[in-house]
Every structure is written in structure tokens, then in C-alpha cells.
Amino acid sequence: QVQLVESGGGLVQAGGSLRVSCAASRRILGNYVMGWFRQAPGKEREFVAAIRWSSGTTYYADSVKGRFTMSRDNTKSTVYLQMNNLKPEDTAVYYCAVDFAPSGTVERSYNYDYWGQGTQVTVSS
């Protein structure tokens, strides 16, 4: 079992930047996948980005490609999501999650085993 704690959300103007973090309560080892998802009011949770822990391979939703960058710090078992050129449509609660037995596509939320509590990101126009 692992606990995930997100931080770093907040309010930013359109075109601005923000970095959110997700720290795991224990060391992350192996070929796990950690992902970022987001959920806006009245909408379904959607995939944002993911990273394969062992290789560092990253995946992005088309809507954030070129603007968001996901990275990891092995020593801290922490992942980051650097968000640049933010748009009002990026407003959502951002969740991180971990898949301990990745076998399917990283974009599917039901593949993930543990989730954080979420952090609010609000982009004003």
C-alpha cells in the first residue's frame, strides 16, 4: 500500500505556469507507472500525463502536449507536473495515481491502484 500526496496547486492567470507535485509515502521501485489525471466540474476524469518509473518514458494527452512536462525524482519518490502556458480549460482538480502492475494503456484510470486526494488548479482568463 502507498499514500500519494499532491501539492502545488493554486490560482494562476492564463499563460502562466504552475508546478504540482506528488509524493509517495514509500520508495517507488520497479516498472511502475505514475500518472496525472484531472477532473473539471461536471466532467469525467481525464488522463493528463504518465511516466514509467524505471525508464522515465513519458506520455501526454494531446491537449497538454508541448505545454506540460512530467518528471520524477527517484530519491524522493516524487513526480512533478510542470504546466506552462496554462489555459482556462486546464482548470480542474489534478490527481496523481500509481499503477503497480502496468499491463494496459497508461491513459485508463481504472488501471491505477492508488490515488491521491487531488489538488485544485484554477486558471483565470
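Our subject is the structure that appears above.
The paragraphs below set out a description of the structure included in this document. Positions within a chain are numbered from 1, following the residues in the order the chain's sequence is written. Per-residue local features of the predicted model are confined to residues with pLDDT of at least 70, and side-chain atom pairs are confined, for both listing and counting, to 80 or more; whole-chain, interface and lining totals are unaffected and use all residues. The side-chain figures draw on all heavy atoms in the structure; neither hydrogens nor water molecules are used.

1. A look at the state of the cysteines
Two cysteine sulfurs form a disulfide in these notes if their separation is within 2.5 Å. As enumerated under the stated definition, the model contains one disulfide in all. In this model Cys 22 forms its disulfide with Cys 96; the gap between the sulfur atoms is 1.9 Å. With the S-S bond torsion at 55 degrees, the cross-link from Cys 22 to Cys 96 turns out right-handed. Here the residue Cys 22 occupies a position in strand 3 (residues 18–24), and Cys 96 occupies one in strand 9 (residues 92–99), the gap between them amounting to 74 residues. Here a strand is any run of E in DSSP of at least two residues, a helix any run of H or I of at least four, and the numbering for each starts at the N terminus.

2. Structural notes on the sheet that holds strand 1 (residues 4–7)
Backbone-to-backbone hydrogen bonds join strands into a sheet, with any given pair of strands oriented parallel or antiparallel. Taken in spatial order, the four strands of this open sheet run 1-3-8-7, and their pairing is antiparallel. Taken across any chain shown, the strands that pair with only one partner, and hence form the sheet edges, are strand 1 and strand 7 (68–73). Here the average twist between neighbouring strands, direction ignored, is 15 degrees. Here, strands pair whenever DSSP counts at least two bridges between them. In the sheet, strand 1 pairs with strand 3 via four bridges, with the strands oriented antiparallel. Following the sheet pairing, Leu 4 is matched in strand 3 by Ala 24. Lines fitted to C-alpha atoms define the axes here, with helix axes fitted over just the stretch in contact, and angles between the N-to-C directions of these axes take values from 0 to 180 degrees.

3. Points about the environment of Ser 55
With respect to the helices and strands, Ser 55 occurs in the loop between strand 5 (46–52) and strand 6 (58–60). Through-space distance from the C-alpha of Ser 55 to that of Gly 9 is 27 Å; in sequence the pair is 46 residues apart. At 2.9 Å, the side chain of Ser 55 forms a polar contact with the side chain of Thr 57. Any pair of nitrogen or oxygen atoms within 3.5 Å is treated as a polar contact; in protein, a donor-acceptor pairing is required on top of that, and neighbouring residues in sequence qualify only through side-chain atoms on both sides.

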